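Understanding the architecture of this molecule
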Amino acid sequence: MRRKDREMPADYARMVLDRSLWVTLAMLDPEGNPYAVPISIVREDDNIYFHAAKAGRKTRCLKHRPQVCLIAVSEARPVSRHFTMEYASAIVHGTAQEVLDTEEKIHALRLLCLRYAGDNMDNFDEAVERSLSRTAIWKIAIEEITGKRKKFGPDGRELTFAAGWPEQDTAPRQA
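The following paragraphs examine the structure supplied in this document. (Residues numbered from 1 in each chain as written. Predicted model: local features only at pLDDT ≥ 70, side-chain atom pairs only at ≥ 80, totals over all residues. Heavy atoms only, no water.)

1. As for the overall build of the protein chain
Keep this limit in mind: Numbering goes from the N terminus for both helices and strands, where a helix is a DSSP run of H or I of at least four residues and a strand is a run of E of at least two. The cut-offs for exposure are 20% and 50% of the maximum accessible area for each residue type, with area from a 1.4 Å probe on protein chains only; residues under the lower value are buried, those over the upper are exposed, and the others partly exposed. We call two residues in contact when some of their heavy atoms are within 4.5 Å.
A count of helices and strands for the protein chain gives 4 helices and 8 strands. Secondary structure of the protein chain in N-to-C order comes out as β-α-β-β-β-β-α-β-β-α-α-β. Taking all 175 residues of the protein chain together, 41% fall into the buried category. Looking at the protein chain alone, contacts between residues at least 24 apart form 70% of all its contacts between residues at least 6 apart.

Here it is as structure tokens:
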């Protein structure tokens, strides 16, 4: 990372993942072309789960080359007086693996639904019964994670890691 003064610890990067409503999944297709797609995720410890169709370009890419990169940005906002942006970001490198165990698939779906549809969990079992057979679940084992932040304090000066966190990160959560 070029701007070491903006680098944040791994726990901060995990917090960014947990706050981001979606992340960008970057991978290579079988022909070696880059492909990136936004996905909804949930993190449990150092594993990231997401759902996908059982067929399609994303699935072909993941099966061909499971090494991936995830990019998450949360709490981004323009700061026009400085001609810049405030942001919190995380980059994850890892290996994706399709989850084939039924219990783990349901567990991952439950985590995803709690995060994105928590007010509809009364219908979870019925939805799983209808769609489990046609839904793929993927798990990315986090192998490397980095976090970065650009944020200004009340005095208008840029905060650095030494200024502390998460006390300084008071922007509303996006998730």
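Read on for the rest.
2. With respect to the nonpolar core
Rules: In these notes, a set of buried Ala, Val, Leu, Ile, Met, Phe, Trp, Tyr and Cys residues joined through side-chain atoms within 4.5 Å is what counts as a nonpolar core.
Of all hydrophobic cores here, the largest spans 29 residues; its most connected members are L17 and L25. Where this core is concerned, the elements lending two or more residues are α1 (10-19), β2 (23-28), β3 (34-39), β5 (47-53), α2 (57-64), β6 (67-79), β7 (84-99) and β8 (135-150). Residue contacts for L17: discarding those within four places in its chain leaves V23, I41, R43, I48, A72, A90, V92, R115, I142 and I145. With 12 residues, the next largest nonpolar core counts A108, M121, V128 and L132 among its residues.

3. Let's talk about α2
So the rule is basically this: The directions considered for the arc run from the helix axis to the C-beta atoms.
Where α2 is concerned, the buried positions are K58, T59, C61 and L62. Buried residues of α2 fall within an arc of 160° about the axis and therefore sit on the same side. Considering only its buried residues, α2 is in contact with β2, β3, β5, β6, β7 and β8.

4. Notes on the side chain of K139
Applied cut-off: N or O atoms closer than or at 3.5 Å make up a polar contact, with two conditions inside protein: a donor-capable atom paired with an acceptor-capable one, and, for residues adjacent in sequence, both atoms drawn from side chains.
Locating K139 in the fold gives a position in strand β8. Of note is the side chain of K139, whose polar atom sits 2.9 Å from the side chain of E104. Discounting chain neighbours no more than four positions away, the residues touching K139 are N47, I48, Y49, T95, A96, Q97, V99 and E104.

5. Considering the side chain of K58
Which entries qualify depends on this criterion: Charged residues are defined narrowly, with Lys and Arg counted positive, Asp and Glu counted negative, and His plus the chain ends left uncounted. In what follows, salt bridge is the name for a side-chain nitrogen of Lys or Arg lying within 4 Å of a carboxyl oxygen of Asp or Glu.
Examined against the element boundaries, K58 turns out to sit in helix α2. No salt bridge is formed by the buried K58; its nearest oppositely charged neighbour, E98, is found at 12 Å. Discounting chain neighbours no more than four positions away, the residues touching K58 are L25, M27, Y35, V37, I39, F50, H51 and A52.

6. Thoughts on helix α3 (residues 102-117)
For the record, the criterion: To estimate the expected span of a helix, subtract one from its residue number and multiply by 1.5 Å.
When the terminal C-alpha atoms of α3 are compared, their 21 Å separation across 16 residues agrees well with the 22 Å that a helix rising 1.5 Å per residue should span. Those residues of α3 not exposed but buried are K105, A108, L109, L111 and L112. Seen end-on, α3 carries its buried residues on one side only, within an arc spanning 160°. Packing partners of the buried residues in α3 comprise β4 (42-44), β5, β7, α4 (124-131) and β8. One side-chain oxygen of the residue at the start of α3 lies 3.3 Å from the amide nitrogen of E103, identifying that residue as D101.

7. Overview of the pattern of salt bridges
The tally for this structure, following the rule as stated, stands at 11 salt bridges. As a salt-bridge pair, K139 and E104 come within 2.9 Å of each other at their nearest N and O atoms. In this pair, K139 sits in strand β8 while E104 sits in helix α3, placing the two residues 35 residues apart along the sequence. Its relative accessible area of 22% is what places E104 among the partly exposed residues. One salt bridge connects D125 with R110, and the closest N-O pair in it is separated by 4.0 Å. Linking D125 in helix α4 with R110 in helix α3, this pair joins segments that are 15 residues apart in sequence. Among the residues examined, D125 registers a relative accessible area of 56% and is labelled exposed.

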